[in-house]
Amino acid sequence: MILVATWRDGVFAFGPNGVAHELAGESVAHLTLDAGGAPLAIVGEGALYRREPNGEWTRWVDAGPPLSCCVATGETVFAGTSDAKMVRIDRQGRVDALAGFEAVPGRARWYAGSMIVDGRRVGPPLGVRSIAATCDGAVLLANVHVGGIPRSLDGGLTWQPTLDIDCDAHQVCAHPSDPARVAAATAAGLAISRDAGRTWQIETEGLHARHCTAVAFVGDDLVVSAAADPFAAEAGVYRRRADREGLQPVLPHWTDRLVDTHAIAARGATAAMADGGGHLYVSRDHGRTWIGAHAGLPAPSGVVIASSD
């Protein structure tokens, strides 16, 4: 079951019985899976919905703050906000602000990732763009746009900065079974860490451009998207093998606009990604080869792969 969230028309579920349109008309900012594998969605400004086994979505939490992304670890959900704060949500749905995130050393240097286009300032506000947890739950990593990747070792109580702020990170992700391996898509290239995000190495070999926007572990390998800038009309998608440096393109053509943050997902041998033009691509061999599976999706905001109903 491949689920594609969209900014303005809910979720499209691609399963054994075809395509289902869910949460129609809703703005869905983010999709993820909870610890039990059930899909979670951030709907509207601050509501968390959970998808039931029958395909129905139920409203679980009204968080209050404008949520931008979340990650589940154990029975806890950590969520970032579009104004660069962090909250923790327990299994009963209680929402607690994490004050330690507002005391990250160097926070005063964070800035909104905007730019001037045709005389107008465009781009998202300063906010938490993605969150990852290592597979053992010991480390949390929050990608701030633009503020580096703060890291917590105590369940979000305190945070320390990692990665240079001006690398301009767009997504952080964690390996599904190796707690030491994490990666990030940044404007400086593909960032790789082998010590759970304490230190980072930037790789650019093989990329046609350094502005990376989405990244995911597909098995032990990495799949990352790259474009010339945030508003590029086309982008390339690359695979970085675990056993060698350098990146190789996985498509024989450019994508239609960016494959943006959260728009690459993997589960087992299956991977999926959606570009800004609404095209869905699927791989059944750990990201080695891809086929076009669907077109016409309205403004994708994220992709997850869940168990079929």
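Refer to the structure above for everything that follows.
Residues numbered from 1 in each chain as written. Predicted model: local features only at pLDDT ≥ 70, side-chain atom pairs only at ≥ 80, totals over all residues. Heavy atoms only, no water.

1. Here's the deal with the nonpolar core
Working step 1: Among the nonpolar cores identified, the biggest contains 18 residues, and Met86, Phe101, Trp110, Val128 and Trp159 are the most heavily contacted of them.
Working step 2: Breaking this core down by element, the ones donating at least two residues are β8 (67-73), β14 (127-133) and β15 (140-145).
Working step 3: Once residues lying within four places of it in the same chain are set aside, the contact partners of Trp159 are Met86, Gly100, Phe101, Val104, Pro105, Leu140, Ala142, Pro150, Arg151 and Ser152. (Core = buried A, V, L, I, M, F, W, Y, C linked by side-chain atoms within 4.5 Å. Buried < 20%, exposed > 50% of the residue type's maximum accessible area, 1.4 Å probe, protein only. Helix = DSSP H or I, 4+ residues; strand = E, 2+ residues; numbered from the N terminus. Contact = heavy atoms within 4.5 Å.)

2. Quick look at the packing of aromatic side chains
Working step 1: The final tally for this structure, using the stated rule, is two aromatic pairs.
Working step 2: Note on Phe101 and Trp110: the rings are 5.8 Å apart at their centroids and 55° apart in plane angle, and the pair reads as tilted. For the residue pair Phe101 and Trp110, the accessibility class agrees, reading buried in each case.
Working step 3: Arranged with centres 5.0 Å apart and planes meeting at 80°, the rings of Phe101 and Trp159 form a pair that is edge-to-face. Placement of Phe101 in the loop between β11 (95-97) and β12 (115-117) and of Trp159 in the loop between β16 (151-152) and β17 (169-174) is noted, with a sequence separation of 58 residues between them.
Working step 4: A residue is classified by how much of its surface remains accessible, and Phe101, at 0% relative accessible area, is buried. (Phe/Tyr/Trp six-rings, centres within 6.5 Å; stacked < 30°, edge-to-face > 60°.)

3. What about the sheet that holds strand β28 (residues 280-283)?
Working step 1: Taken in spatial order, the four strands of this open sheet run β26-β27-β28-β29, and their pairing is antiparallel. Two strands close off the open sheet at either side, each with one partner strand: β26 (264-267) and β29 (291-294). Averaged over all pairs of adjacent strands, the angle between their axes in this sheet comes to 25°, without regard to strand direction.
Working step 2: Across three bridges, the pairing between β28 and β29 is antiparallel. Its bridge partner being in β29, Tyr281 is matched across the sheet by Gly292. (Pairing = 2+ DSSP bridges. Axes fitted to C-alpha atoms, helices over the stretch in contact; angles between N-to-C directions.)

4. Details of the sheet that holds strand β9 (residues 76-81)
Working step 1: Reading across the sheet, the four strands line up as β8-β9-β10-β11 and stay open at both edges, with antiparallel pairing between neighbours. Each end of this open sheet is capped by a strand with a single partner; those strands are β8 and β11. The mean angle between the axes of side-by-side strands here comes to 25°, regardless of whether they run parallel or antiparallel.
Working step 2: With four bridges connecting them, β9 and strand β10 (residues 86-89) associate as antiparallel partners. What sits directly across from Val77, in β10, is Ile89.

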